[in-house]
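Commentary on secondary and tertiary structure
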Amino acid sequence: MKTVLITGAAGFLGSHLCDRFLKEGLKVIAMDNLITGDMDNIQHLIGNEHFSFIHHDVTNYVHVSGKLDYIMHFASPASPIDYLKIPIQTLKVGSLAIHNLLGLAREKKARIIIASTSEIYGDPQVHPQHEEYWGHVNPVGPRGVYDEAKRFQEAMTMAYNRYHGVETRIVRIFNTYGPRMRLNDGRVLPAFIGQALRGEDLTIFGDGTQTRSFCYVDDLVEGIYRLLMSDYDEPVNIGNPDEIMIKEFAEEIIKLTGTTQKVVYKDLPQDDPKQRRPDISLAQKVLGWEPKVNRSEGLKITYSYFKSLSEEKLYRVEHKDFAKYIK
Ligand code: UDP
């Protein structure tokens with residue numbers, strides 16, 4: 001039986017990866033420091049004999065006894081509000097943690113996949129974004145702590161690949177959504193749905209003409225699984241190229257939720273990318289992968305998940321602080 005270590009396992013993506021790898025017949029060791037992760041996301045796995053959870057901050061030395069076949073580094077804050085609230089942890093988990101995990105991979109002769117991001121392209125001047133594009137990133141802006149940590153993470157990973165011969169994979173993840181997203185992390189999809197559920201107006205930042213392309217989580221997990229099992233060690237974009245303006249997206253959420261609230265406009269946060277759409281031709285070519293779930297289907301599933309959450313989660317005070325981070 002093969003064993004996989006998943007960091008950030010109590011997070012949105014990490015928890016879906018735990019489910020997938022257990023289903024594939026692997027033993028899963030889940031690790032999380034629970035800063036942004038939530039045990040509710042993996043509660044259903046506690047008691048599974050092939051699943052174990054270690055409460056640990058991977059920016060500190062990581063010890064795992066026994067053999068390891070795969071390591072998946074998915075621990076990181078991943079929303080602009082998180083970067084503003086916990087900038088140092090965001091930098092550390094992209095830099096110190098990846099050094100620890102690459103060392104562990106080398107020691108255990110394990111294959112390691114790291115979660116990179118479309119943010120390494122910054123506010124892109126090339127559209128759509130393909131893997132050869134080097135990006136347009138402001139290192140000292142508010143998103144710099146995430147963008148630069150992820151860029152360093154890619155560089156470190158390639159160095160271990162080239163210098164130590166560690167088997168590495170790099171997935172560049174574009175905007176992804178689905179059940180188990182944090183309702184109060186400030187990202188646009190949970191923000192709009194949360195606002196609709198609480199009877200608040202939907203907040204559009206800027207004039208809403210900026211674009212994003214949203215990928216349903218099951219599609220993303222399939223792409224990551226294929227990449228890990230492939231022999232391709234350069235970065236690969238995984239995302240859904242179906243691009244939409246944020247103001248049109250707000251209309252879709254209004255229709256989906258039936259809210260009678262209106263949209264209100266707020267200032268655009270600094271360095272907010274104006275357009276983002278993955279070029280997925282490489283993933284199609286090397287992994288035979290493309291997304292299957294369209295937005296209306298994925299949004300319905302995600303909306304029923306958010307509706308099922310407790311009042312405590314819906315009204316958790318965290319989201320109320322956001323005003324002080326957003327001008
Ligand atoms: N956004 C918005 N209203 C919100 C939250 C976000 O208009 O309440 C915008 C944000 O400015 C950005 C887009 O939605 O242009 C996506 O933001 P998100 O934080 O989800 O992720 P990003 O892709 O920027 O990392």
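What counts, and at which threshold
- Residues numbered from 1 in each chain as written.
- Predicted model: local features only at pLDDT ≥ 70, side-chain atom pairs only at ≥ 80, totals over all residues.
- Heavy atoms only, no water.
- Buried < 20%, exposed > 50% of the residue type's maximum accessible area, 1.4 Å probe, protein only.
- Helix = DSSP H or I, 4+ residues; strand = E, 2+ residues; numbered from the N terminus.
- Pairing = 2+ DSSP bridges.
- Right-handed = clockwise from strand over helix to strand, strands pointing away.
- Axes fitted to C-alpha atoms, helices over the stretch in contact; angles between N-to-C directions.

Looking at the pairing of strand β5 (residues 111–117)
Buried residues dominate β5, accounting for 7 of its 7 residues. Of the two faces of β5, both are covered, the one formed by Arg 111, Ile 113, Ala 115 and Thr 117 as well as the one formed by Ile 112, Ile 114 and Ser 116. Note that strand β4 (residues 70–73) and β5 share 4 bridges and pair parallel. In the sheet register, His 73 faces β5, and the bridge partner there is Ile 114. Of the strand pairs in this sheet, β5 and strand β6 (residues 168–173) are connected by 6 bridges, and their pairing is parallel. Paired with Ala 115 across the two strands is Val 171, which belongs to β6. Crossover β5 to β6 through helix α4 (residues 144–164) is right-handed.

Some points on the sheet that holds β6
The 7 strands are arranged β3-β2-β1-β4-β5-β6-β11 in an open sheet whose pairing can be described as parallel. In this open sheet, the two strands that pair with only one neighbour each are β3 (51–55) and β11 (236–238). The mean angle between the axes of side-by-side strands here comes to 20 degrees, regardless of whether they run parallel or antiparallel. Pairing of strand β1 (residues 3–7) with β4 involves 4 bridges; the strand directions are parallel.

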